[in-house]
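Fold and contact review
Spelled out, the chains give:
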Amino acid sequence: MQPAGRALPVALDAMGGDNAPVEIVAGAVQAVRERGVPVVLVGQPRLLHQELAEHDAVAEIPIVRAEEALAMDEGALASLRRPRSSIAVACHLVRRGDACAVVSAGSTAGVVATGRLRLRAQQGVVRPAIAVGLPTLPQPTVLLDAGATADAKPEMLVQFAHLGVAYAETALGLRRPRVGLLTIGAEAEKGNKLAKRAHELLVATPGIDFTGNIEGHDLLTRKVDVVVTDGFTGNVALKTVEGTVRYAFDQLRETIAESRVARLGGMLQRARLRELAGRLDPEAHGGAVLLGLNGTVVIAHGSSRARGVAAACELAARLSAQGIVARIGERIASTNKSHRRR
């Protein structure tokens, strides 16, 4: 166990991600040196020691052995086939109390399945959900589920709303987050059977400030603080937003480069453009958060480089320190009590 008075480290899956272990180790070094986040690397010691030596950081970051790793193209069943994978060992460190959170840029399906198997769902949580922050102002809009549960039931969407509210309260400091249900029309009767029934349940759910349905064009308008949907729809919506933002920014760059006048205008707006680029850059925000488990789990983008990995470690450490798991537990427990009384 960690000595009293010292912050628990973030368990970083050093073997997960398109750029592992080079960028993962570089991100760990950034997290420790630039952000003050203690990190323990989980993976193959020989490779990790070599990478740490490149940064003269062998003495700064400990390594925990895990000889196996989940490939990026492996699905949920890989968590059973590889019980000693780097992500499984990272989860075990959290469960044992030797780390405060898990960070991985590995296969989302593998991370979700391993997290559910090793950390278990919190009491009362039917299915975990992946929460992401959409790049809105003045604060991000929380979207969930972004891919953990593709085939959800209406009751699960209600629970996702509770998870999202707890996350918005903890991470964003919102006192009464507004919740919207993503579907194909603003009217209550619009949508498939799942959306219609979920709407009925959300209207009748205490403790949720449900404002009604929202549509895809509302995702970046801050019409609500928390957007709830099933994992299939949420993942499609997230990838659509990411692709659209990337396309729009690429077009803006090309337009600015087309003429001398446009380049001059771009120079005059350099600060605003830099701020916009930072806000839209997924590397700056750390990644998605897997909510509903007995431990804090952050899933970084699979193509994350050092800066994105460091941001993910910082996000994980902050959420753990803010007690996100306890906050969710309290909300789910109070919800179950109110249901029993009814």
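Anyway, here's the lowdown on the structure attached to this text. Here the residue numbers are simple positions, counted from 1 along each chain's written sequence. For this predicted model, a pLDDT threshold of at least 70 governs which residues receive local features, and a threshold of 80 or more governs which side-chain atom pairs are given and counted, while totals over whole chains, interfaces and linings are taken from all residues. Side-chain measures here rest on the full set of heavy atoms in the structure, leaving out hydrogens and waters.

A word on the pairing of strand E1 (residues 10–13)
Where we set the bar: Working definition: with a 1.4 Å probe on protein chains only, accessible area under 20% of the residue-type maximum means buried, over 50% means exposed, and in between means partly exposed. Helix and strand labels come from DSSP, where a helix needs a run of H or I of at least four residues and a strand needs a run of E of at least two; each type is numbered from the N terminus. Pairing between strands is defined by DSSP: at least two bridges between them are needed.
Here E1 shows no split at all, with Val 10 and Leu 12 on one side and Ala 11 and Asp 13 on the other all buried. Where E1 meets strand E2 (residues 39–43), 4 bridges bridge the pair, whose relative direction is parallel. The partner of Ala 11 across the bridge, within E2, is Val 40. One ladder, built from 3 bridges, connects E1 with strand E4 (residues 101–104); its direction is parallel. Counted as the bridge partner of Val 10 is Ala 101 from E4.

Describing the pattern of salt bridges
Where charged atoms from two side chains of opposite charge approach closely, those side chains can pair. Formally: For salt bridges, the criterion is a side-chain nitrogen of Lys or Arg within 4 Å of an Asp or Glu carboxyl oxygen.
In the structure shown here, the tally under the stated rule is 13 salt bridges. A salt bridge links Glu 23 to Arg 305; the shortest N-O distance between them is 3.6 Å. One end of the pair, Glu 23, is in helix H1 (residues 22–34); the other, Arg 305, is in the loop between strand E11 (296–299) and helix H11 (306–321), with 282 residues separating them in the sequence. Look at Glu 23 and you get buried, because its relative accessible area is 19%. For the salt bridge of Arg 33 with Glu 60, the shortest nitrogen-to-oxygen distance reads 2.6 Å. With a gap of 27 residues between them, Arg 33 in helix H1 and Glu 60 in the loop between helix H2 (45–54) and strand E3 (63–65) connect regions that are remote in the sequence.

Comments concerning the sheet that holds E2
Note the cut-off: Between N-to-C directions, angles cover 0 to 180 degrees, with each direction set by a line fitted to C-alpha atoms, over the stretch in contact for helices. Residue contacts are defined here by distance: any two heavy atoms, one from each residue, within 4.5 Å place the two residues in contact.
The sheet built from 11 strands is open, its strands ordered E3-E2-E1-E4-E11-E10-E5-E6-E9-E7-E8 with mixed pairing. Two strands bound the open sheet, and with one partner strand each, they are E3 and strand E8 (209–214). Pairwise comparison of adjacent strand axes, ignoring direction, gives a mean angle of 25° for this sheet. Packing against the sheet, helix H6 (residues 154–171) makes contact with strand E5 (129–134), strand E6 (141–144), strand E7 (178–182), strand E9 (226–228) and strand E10 (288–291), and its axis sits at approximately 160° to E9.

Overview of empty space enclosed by the protein
Where we set the bar: Cavities and pockets are defined on a 1 Å grid built over the protein atoms alone: a cavity is a set of grid points where a 1.4 Å probe fits but cannot escape, while a pocket is an open set with protein on both sides within 12 Å along at least five of seven lines, and lining residues are those with an atom within 4 Å of any such point. Grid points are joined across faces, edges and corners, and a volume is the space filled by probe spheres set on the points. Any residue outside Ala, Val, Leu, Ile, Met, Phe, Trp, Tyr, Cys, Pro, Asp, Glu, Lys and Arg is labelled polar, Gly included; the first ten of those are nonpolar and the last four are charged.
The final tally for this structure, using the stated rule, is 1 cavity of 30 Å³ or more. Looking at the largest cavity, the residues that line it are Gln 122, Val 289, Leu 290, Leu 291, Gly 292, Leu 293, Gly 295, Thr 296, Val 297, Ile 324, Val 325 and Ile 328. For the lining of the largest cavity, the elements supplying multiple residues, two or more each, are E10, E11 and helix H12 (324–341). When its residues are assigned to classes, the lining of the largest cavity shows 8 nonpolar, 4 polar and no charged.

Remarks on the side chain of Ser 107
Summarising the element assignment, Ser 107 is placed in the loop between E4 and helix H5 (108–118). Not counting residues within four places of it along the chain, the set of residues in contact with Ser 107 comprises Ala 71, Met 72 and Glu 74.

A few points about the packing of H1 against H2
This is how it is decided: By definition in this entry, angles of less than 35 degrees are roughly parallel, angles greater than 145 are roughly antiparallel, angles of 65 to 115 are roughly perpendicular, and the rest are oblique. Take the far helix as the reference: if the near one is turned anticlockwise from it by less than a right angle, the crossing is left-handed, and if turned clockwise, right-handed.
At a minimum axis separation of 10 Å, H1 and H2 run at an interaxial angle of 55°. In terms of their interaxial angle, H1 and H2 are classed as oblique. In the crossing of H1 with H2, the sense of the turn from one axis to the other is right-handed. Across the interface between the two elements, Val 22, Val 25 and Val 29 of H1 pack against Leu 48, Glu 51 and Leu 52 of H2. A per-class count over the contact of H1 with H2 returns 5 nonpolar, no polar and 1 charged.

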